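One letter stands for each residue in the lines below.
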Amino acid sequence: MPVRVVLPADPVLGQPEQEVVARLWRRRQTRTGWVYLVGLPSYRDLEDGGVEAAEYRVWVRAPDHVRPVDGVDYDQVPTEPLPPAPPTSVVREVLGERRSSGWVLAKVREGRGPARGVLHAPDCEEAPEGAPLLDAQRALDVAENPGTQLCTLCGCAQELTPLLSGFDHITDS
């Protein structure tokens, strides 16, 4: 199939961008966009000193360096779309590795009075080693204690506060 290829300008020679008609062999979708394998007309030297017509094949980025030829149907060009990524890899890519579910309580004793503590995600830098893992209900019960703080470093506060105070306080702002 014929296709127009945009050749770069050459500021040293003072040449502007040029378009040449080439042959489109394949097109492939990549994570950064489409690339087209085009065959540019060229010449090659023969051993006897002669010259013959040849084709130079190269991948070029579309649509930056490739333009369609009016009236040409490109449906028959071999096309390699980007394979669909499995849903789990997309989720993992966006959210990162899944952390352990639950929370841990770091107990803080400051003299007399009721026990105080800080709730953390298990992978928080501030979480105590070997502390028992609390499920959601137990963590909410502990969080309701006025002496308990929710860690903002690991996101415990952001995760549990809506469950403690309801979602009604969240506004569009």
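One can find the structure itself at the top, above this paragraph.
Residues numbered from 1 in each chain as written. Predicted model: local features only at pLDDT ≥ 70, side-chain atom pairs only at ≥ 80, totals over all residues. Heavy atoms only, no water.

Novice: What am I meant to see in the overall build of the protein here?
Specialist: Each helix and strand in the protein was counted, giving 3 helices and 9 strands. Every one of the 173 residues in the protein was classed for burial, and the buried ones make up 25%. Across the protein, contacts joining residues at least 24 apart in sequence account for 44% of those joining residues at least 6 apart. Accessible surface for the protein amounts to roughly 12,800 Å². Of this, 52% is attributable to carbon and sulfur atoms. (Helix = DSSP H or I, 4+ residues; strand = E, 2+ residues; numbered from the N terminus. Buried < 20%, exposed > 50% of the residue type's maximum accessible area, 1.4 Å probe, protein only. Contact = heavy atoms within 4.5 Å. Areas by Shrake-Rupley, 256 points an atom, 1.4 Å probe, with all protein chains shown as cover.)

Novice: Would you mind going over unusual backbone geometry with me for this structure?
Specialist: In terms of backbone geometry, most residues other than glycine have negative phi values and most peptide bonds are trans. Here Ala62 and Pro63 are connected by a cis peptide whose omega angle stands at 0 degrees. You can see Pro63 is positioned in the loop between strand S4 (51-62) and strand S5 (66-67).

Novice: Help me out: how do you make sense of the side chain of Arg27 in this one?
Specialist: Structurally, Arg27 can be placed in strand S2 (residues 18-30). Despite its burial, Arg27 remains without a salt bridge, the nearest opposite charge being carried by Asp75 at 5.1 Å. At 2.7 Å, the side chain of Arg27 forms a polar contact with the side chain of Thr79. If we skip the residues at most four places from it in the chain, Arg27 touches Trp34, Val35, Tyr36, Tyr74, Asp75, Val77, Pro78, Thr79 and Glu80. (Lys, Arg positive; Asp, Glu negative; His and termini not counted. Salt bridge = Lys/Arg side-chain N within 4 Å of Asp/Glu carboxyl O. Polar contact = N/O pair within 3.5 Å; in protein donor to acceptor, adjacent residues only side chain to side chain.)

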